[in-house]
Amino acid sequence: MTYTPKTFNLPVLQGLSEKQIKVHIALYEGYVKHVNLIMEKLGAVREGTLELDPYIAAELRRRFAFEFDGMRMHELYFAQLEAGGRKREAGSALFETASAKYGSSENFVKHIREVARSRGIGWVVVYADPQAKTIHTVFVGDHEVGQLAGLPILLALDLWEHAYMVDYVPAEKNNYIDAFFANLNWSVVEKRFDPPSPESFGEASATK
Ligand SMILES: [Fe+2]
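Presented here is an overview of the structure given in this document. (Residues numbered from 1 in each chain as written. Predicted model: local features only at pLDDT ≥ 70, side-chain atom pairs only at ≥ 80, totals over all residues. Heavy atoms only, no water.)

### Focus: the pattern of salt bridges
For step 1, the next point in the chain: All told, the structure shown has 4 salt bridges when counted by the stated rule.
For step 2, the next point in the chain: One salt bridge connects E67 with R63, and the closest N-O pair in it is separated by 3.8 Å. Taken together, the positions of E67 and R63, both in helix α2 (residues 54–79) and 4 residues apart, correspond to about one turn of that helix.
For step 3, the next point in the chain: Classification of E67 by relative accessible area gives buried; the value is 7%.
For step 4, the next point in the chain: R63 sits in the partly exposed class, given a relative accessible area of 43%. (Salt bridge = Lys/Arg side-chain N within 4 Å of Asp/Glu carboxyl O. Helix = DSSP H or I, 4+ residues; strand = E, 2+ residues; numbered from the N terminus. Buried < 20%, exposed > 50% of the residue type's maximum accessible area, 1.4 Å probe, protein only.)

### Observations concerning the sheet that holds strand β3 (residues 153–158)
For step 1, the next point in the chain: Reading across the sheet, the 3 strands line up as β2-β1-β3 and stay open at both edges, with antiparallel pairing between neighbours. Two strands lie at the open edges of the sheet, namely β2 (134–141) and β3, each paired on one side alone. The average angle at which neighbouring strand axes cross in this sheet is 15 degrees, direction not considered.
For step 2, the next point in the chain: Here strand β1 (residues 122–129) pairs with β3 via 5 bridges, running antiparallel. (Pairing = 2+ DSSP bridges. Axes fitted to C-alpha atoms, helices over the stretch in contact; angles between N-to-C directions.)

### Some thoughts on the packing of helix α3 (residues 93–102) against helix α4 (residues 105–116)
For step 1, the next point in the chain: Packing of α3 against α4 leaves a shortest axis separation of 8 Å and a crossing angle of 75 degrees. Classified by the angle between their axes, α3 and α4 sit roughly perpendicular to one another. Between α3 and α4, the residues in contact are F95, A98, S99 and Y102 and S105, N107, F108 and H111, respectively.
For step 2, the next point in the chain: Taken together, the residues of the contact of α3 with α4 sort by class into 4 nonpolar, 4 polar and no charged. (Parallel < 35°, antiparallel > 145°, perpendicular 65-115°, else oblique. Contact = heavy atoms within 4.5 Å. Nonpolar A, V, L, I, M, F, W, Y, C, P; charged D, E, K, R; others polar.)

### Re the nonpolar core
For step 1, the next point in the chain: Counting 56 residues, the largest nonpolar core has F108, I112, I135, L155, L157, Y176 and W186 as the members making the most contacts within it.
For step 2, the next point in the chain: For this core, the leading source of residues is α2, giving 7 residues.
For step 3, the next point in the chain: Those residues in contact with W186, other than ones at most four positions away along the chain, are R86, K87, R88, L94, F95, F108, V109, I112, L155 and F181. (Core = buried A, V, L, I, M, F, W, Y, C linked by side-chain atoms within 4.5 Å.)

Shown next as structure tokens:
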């Protein structure tokens, strides 16, 4: 199988130009291409139709997470943007859980912004931990360094300079973060949190 680039319905956003989004989506498509390329090469190595130095094959396997997470993180990123954004729901399951951890929903957003000020390229990622019934907000380096194993991703904020360099200089990163929140559709983020079936909380096995 091969992966196909997804399309995103992104009309003009607030504070992020059409050119910026176009350049960024083209970059995303490059990740999809490279995921397919690595799979093709490693598949050929497995089937014996391509011979690679074992060191090179090992490097391709190591590289796969960078390309794959680069693809998947961008899909999560673009899917949560909408012109003008959409406000968070007071009392939603996500914000109740976030408030339990961070004190209030405002503090939750403040915390995401604080993590976004981390030096370096990467992402702020908010995860659900269904087992512990909580959420975690972490900085992921590149696309894959520091991802939390198996946890569903609720929110992905791209902090590579390519995400804003058409519209802002690096010193204006905060303006980009403002633009991100201005266009963030919280209902997408809440929906990612919402499917806490008993199985996803691990209660099914606990009650057996
Ligand atoms: Fe990006």
